Structure formats: C-alpha cells, structure tokens
Amino acid sequence: TIRPVRRSYYDPSSAPGKGVVWEWENDSGSWTPYDMDVGITIQRAYEKQHPWVDLSAIGFCYVIDFATMGQINRQTQRKRRVRRRLDMVYPLVSGTLPKSQSWPASPGAAASPPVPACACPQCLLVMSVKATVSATGPGTATLQPRKAAPVPPAAPKAPAPAPGAKAPDGTATVRGSLKPLAAQGGRRQTASTPALSSAGPAASPPGAGTGKASRPGAGTLNRSHLQRLAIAQSRVLIASGVPTVPVKNLTGSSPVNPALAGITGILMSAAGLPVCLTRPPKLVLHPPPVSKSEIQSIPGISHTCRKTTKKQAKKGKTPEEVLKKYLQKVRHPPDEDCTICMERLAAPSGYKGPQPAAKPDLVGKLVKCGHVFHLHCLVAMYNNGNKDGSLQCPTCKTIYGVKTGTQPPGKMEYHIIPHALPGHPDCKTIRIIYNIPPGVQGPEHPNPGKSFTARGFPRHCYLPDSEKGRKVLKLLLVAWDRRLIFAIGTSSTTGESDTVIWNEIHHKTEFGSNLTGHGYPDINYLDNVLAELAAQGITEESLVQEKD
C-alpha cells in the first residue's frame, strides 16, 4: 500500500524556528513534547504574555496556565506540570520550493501532488474527506484560530549566510541538518519536517508562519472537525446499505478509550470492513427533576424511610451454647482434614489462639450441609465474627441462624418517581437513597475507636417499579435492617481505608445510561441481585421471619 507523505514548513519566528519545545509531565515523571501545532499555539500565547491559553480551539480540552506552568484538564480538572525548553532550531530551507512539495504558488492556489489510487476503505475515506475540505475551502477549519498577514512570495535565491556559518546548499543542507535532529528524543514526531527559516521576508514562502497556509487540505482540520466529517461519511455508508460496525469512545478524559477505538478502526479498515464512527453516549446518573407532589409511596410497603437498627446476640449465651443448636456430635471422625485448622479430624485442633472452653479433640457436624469440623475451631471462628448468634459454614457458605453485618448507622429512603428506566418502559421507577454520615468505628469494626469516612453519600439507586422490582426492594429492606448493605473497609476504587464500602450486594446507580456497568438496561440484574441476597441468607422466608 502506498501512502502520501508531506513536509511542513514553519516561520522562523515560530516555536520550531526558535528551537522552543513545550512539554508536559506524564504519569511516570518524564516529559513528553506536545505536537508541533500545539507547541506553536502555546508559544504564540506565551510570547504575547497572555496569562493562559485555551487549547479547545485546536481540538484539545486543556488550558495552559503560564503563571503556574500547569496544564489543566477542563473535564476532570486534573493538573499536570508543563515546561518550556530550548532545543536545536530547525534547518534553513533556501531557494524556491519544488512543486512536488505541494506548496501553493499563490495564497489562493494549493496544488496537490499526484497520489497513486488505492481502493481500500481507509483511503477512500481519507480521499472523500479531502474532497470535502477542497469543496468547503481550506480556510473553514484551520488549526490556528486567527488569520495571518500575507507574506511576499519566495525569492529565487537564498539569503547570505550568517558570519561564521556555512552557506546552505539547497536540499543537501536540509538533509545534513536533519541528522542531529533525528537523534533528539523530544523531537521524534517532527524530525522529518524541517522549518523554513530566513533572514528576511523575501525568502519566506506565501503564508509562512501560519498553520493555515502551511497545512493545506485535510491537514488544516482540527480534531472535532475531522470527527464530524468521519461521522458524515459513516452516515453515507449506513444510508447506502453497507454493513457497518460502530467504533465508540472517540472522546473522553482518558486516553485509553479513544486509542482503542482508533486501533479498532484501523484494524477493521485493513480487513476491508467499513467503520462507523460514533460519539459515546453521555453518562446519565440522575433522573429529570421531580417535585414533591410527584413522589409516591410504594404500595404494600409501609413508610418511606428506615434507619439502621443494631441487633446484638442474646446476652447470657456462650459461643458453645450458640453452636450447640447447629451441630451434631461425631464420635468417629472421618479420615479427612478440618478445613479451618487443616489438621486431621482424628487429631486435636491446631488452633493456637485464645483457647475456648471446648475440648480441642471434640468434632461436630453441621446439621444442614453435613460438613465436619473441630468444635474448638468453630468456636474460635465464631468469636472472631460478629457474635450475633449466627454461623456460616466456611466450606459451602450455608448460613445458620440470622446473619447480620457491621453496617454503620444511617438512613434508607425509598419511593416511586414518574420516570421509566431504560429497558423498562412500561413501569415507573423505585428510587432508593442511602445516607450514612462519617463517624467512629465500633467494637465490631476493623479498627475500633478510629474514625471512618463516608464518601459519595447520599447514594441514589434505582429499581423498576415492577412486581420483581418491589420484591427486590423488600429484601433490600431486610438486608438494611440486618446491616448487610454496607461495611467499613478499604475502597476498591480509591484505595482509601477505613471508609464505608458496598458489601457484595450490587446496586444500580446510573438512571439513564449503563456506561459503568451500574445502570440500565440490564435484563439479568434483578435475578443476579436476588442471588446475591440469597447468599447473605435473605430470601422470601426472611420476609416471614421479619414479620414474626
């Protein structure tokens, strides 16, 4: 496949003509140079002593603050350091420019070099974009936000060389000067694009010094305009009946998603598949505003708010007395290991912690699941838990008694709002609002007496107001009363310790989208959350127990 290449020329007064390189600090602490057009824009604002420059005009959502020498992301507000350093200036180009380099002979003409025809989808898309740009004119979408003054045409002869410098010798001078530049790591992306430098305006080509004239055709497009043209081409493909595959996530604060989308598009184009470029959907966390008069209580469920109640085990019962109702004594232990201490069941327990009152050689079998353990090990495991009168088999997770958690005090609100969730157009929405304030950890928490944080509260969650959705809500109320919705631990998203986290019962926190996986449509969500509740010992039987 033959691809066209080009060589760009810059004014001697621009950043490459002066050897100025603008760089930003990446996550590893090293410095990465900006693209040439971005560096020229930053340098122009810096020389005019502007306090800052907004790069959105050339397709980037960053602001460069010269006072703090920082780059600020307009979407995430993340800040990076930037720096300005001096490097080797770009080499001089003397004499008239050859026609093969596509330099316009006059400000209104832009002759393009002949390019061998290629029938691959990628080339067809590029050529169609170029044709669109030629039809609309190169001045409609340029990298530079303002118009430059016209410059006289290039003189046929080169200017006199500076004292002590060798006289330039046309193309040979350019090639010889590129060698040291190619070795500069910070200039890899532009080492093959020499700048046009001159002692006077007579040797400058028309339009020199402006990105508008130095990049005719498709090169004058900024990122957003290229995306609009590509999307227009995709719509033509769709309208013509050509099968297309969408490549999403073209924009975003993270560079990973756009990069993956671009790679996917290239691979699909190479395979001869048309690529449909689309913009990613927007994140919709909350429903439209709802007035108090539109909020309704949920039929069959009393009240619209519930606070955490802390249930303790009945006093006076020892761990041995609690476990006795869940166990059967085993006189002849099987020839296998205790999965708690990993010692043989026929031998005494290997637990070396605080010794309970039970004898270390007693063995018991759980009545529901039939798994066998040392009684000594089961007592130690119970003492290390909530001591709430319940027990969970360490092998199969079968729950004995009523399992409770360590959720800190808080409030749970629930009501119906008059909006439908994606995938559930025929019913309204149940909105749940959890609110837990920060506080001090109790004896059942990881670090008793230490304060804990509560990030992101109040947290809004959503269920469809259907028969199954109301069933899930009733079971979530049981889980709330049993302190199983939240816990105190280390956040898997931020890494913060001693903070309130979700406790293995997933909730949907996106109302109108599903970009993070925590929204709708999700046809399996209600069944999945019922299974997660059952794993915590909360089933329809629990509703009867709560009434009792």
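In this text the structure is predicted, and so the values were computed from the model without any measurement.

## A look at the sheet that holds strand 15 (residues 411-417)
Ordered in space as 9-15-16-19, the 4 strands form an open sheet in which the pairing is antiparallel. Bordering the open sheet on either side are strand 9 (305-307) and strand 19 (459-464), each of which pairs with just one other strand. With strand direction ignored, the average angle separating the axes of adjacent strands in the sheet is 20°. As paired elements, strand 16 (residues 429-435) and strand 19 share 6 bridges and run antiparallel to each other.

## Some details on the packing of helix 10 (residues 467-481) against helix 11 (residues 525-535)
Running from amino to carboxyl end, helix 10 crosses helix 11 at an angle of 25°, the nearest separation of the two axes being 10 Å. One finds that helix 10 runs roughly parallel with respect to helix 11. Crossing of helix 10 against helix 11: the hand is left-handed. Only Leu526, Asp527, Val529, Leu530 and Leu533 of helix 11 make contact with helix 10, whose side of the interface consists of Lys468, Gly469, Lys471, Val472, Leu475, Leu476 and Ala479. The residue makeup of the contact of helix 10 with helix 11, split by class, is 8 nonpolar, 1 polar and 3 charged.

## Comments concerning the side chain of Asp87
As for its placement among the helices and strands, Asp87 is situated in the loop between strand 6 (79-86) and helix 3 (121-136). Judged by relative accessible area, which is 15%, Asp87 ranks as buried. Reaching out from Asp87, the side chain makes a polar contact with the side chain of Arg85 at a distance of 3.3 Å.

## Notes on the environment of Pro458
Here Pro458 lies in the loop between strand 18 (451-452) and strand 19. Spatially, the C-alpha atoms of Pro458 and Met412 are 9.5 Å apart, while their sequence positions differ by 46 residues. With sequence-adjacent residues up to four places away left out, Pro458 is seen in contact with Ile433, Tyr434 and Asn435.

## Concerning the side chain of Lys508
One can find Lys508 in the loop between strand 21 (499-502) and helix 11. At 2.8 Å, the side chain of Lys508 and the side chain of Asp522 are in polar contact.

## As for the sheet that holds strand 2 (residues 31-33)
On the basis of which strands lie adjacent, the open sheet formed by 6 strands has the order 2-1-6-5-4-3 and antiparallel pairing. The two strands at the open ends of the sheet, each matched to only one other strand, are strand 2 and strand 3 (52-54). Strand-to-strand, the axes of this sheet are offset by a mean angle of 30°, without reference to chain direction. Sheet analysis places strand 4 (residues 62-65) next to strand 5 (residues 70-73), joined by 4 bridges and oriented antiparallel. Counted as the bridge partner of Val63 is Ile72 from strand 5. Across the sheet, helix 2 (residues 36-47) is in contact with strand 1 (20-25), strand 3, strand 4 and strand 6; its angle to strand 1 comes to roughly 105°.

## Here we look at the pairing of strand 16
Within strand 16, 6 of the 7 residues are buried, leaving the element largely enclosed by the surrounding structure. In terms of strand pairing, strand 15 meets strand 16 through 7 bridges, oriented antiparallel. Residue pairing for strand 16: Lys411 is matched across the bridge by Asn435.

## Considerations on the pattern of salt bridges
Throughout the structure, instances matching the rule amount to 19 salt bridges. Across the pair Arg85 and Asp87 runs a salt bridge, and its minimum N-O distance is 3.3 Å. With a relative accessible area of 22%, Arg85 lands in the partly exposed category. Across the salt bridge formed by Lys471 and Glu540, the nearest N and O atoms sit 3.1 Å from each other. Of this pair, Lys471 sits in helix 10 while Glu540 sits in helix 12 (residues 540-547), and the two are 69 residues apart along the sequence. Assessed through its relative accessible area of 29%, Lys471 is described here as partly exposed.

## Considerations on the pairing of strand 6
Bridge analysis of strand 1 against strand 6 gives 5 bridges, and the strand direction is antiparallel. Bridge assignment links Val20 to a residue of strand 6, and that residue is Leu86. Inspection of the sheet shows strand 5 paired to strand 6 by 3 bridges, in the antiparallel sense. Looking at the pairing, Gly70 lines up with Arg81 of strand 6. Counting the residues that bridge the hairpin from strand 5 to strand 6 gives 5 residues, and of these Gln77 lies at a positive phi of roughly 65°.

## Thoughts on the confidence of the model for the protein chain
Across the protein chain, pLDDT averages 75, with 65% of residues at or above 70. Per-element confidence in the protein chain ranges from a low mean pLDDT of 37 for helix 4 (residues 170-182) to a high of 97 for strand 16. Contacts for the low-pLDDT stretch residues 138-219, under 50 throughout, to residues beyond four places or in other chains number 154 contacts. The low-confidence segment residues 247-255 (pLDDT under 50) makes 29 contacts with residues lying over four places distant or belonging to another chain.

Quick notes on the rules
- Residues numbered from 1 in each chain as written.
- Predicted model: local features only at pLDDT ≥ 70, side-chain atom pairs only at ≥ 80, totals over all residues.
- Heavy atoms only, no water.
- Pairing = 2+ DSSP bridges.
- Helix = DSSP H or I, 4+ residues; strand = E, 2+ residues; numbered from the N terminus.
- Axes fitted to C-alpha atoms, helices over the stretch in contact; angles between N-to-C directions.
- Parallel < 35°, antiparallel > 145°, perpendicular 65-115°, else oblique.
- Left-handed = near helix turned anticlockwise from the far one by under 90°.
- Contact = heavy atoms within 4.5 Å.
- Nonpolar A, V, L, I, M, F, W, Y, C, P; charged D, E, K, R; others polar.
- Buried < 20%, exposed > 50% of the residue type's maximum accessible area, 1.4 Å probe, protein only.
- Polar contact = N/O pair within 3.5 Å; in protein donor to acceptor, adjacent residues only side chain to side chain.
- Salt bridge = Lys/Arg side-chain N within 4 Å of Asp/Glu carboxyl O.
- pLDDT = per-residue confidence, 0-100.

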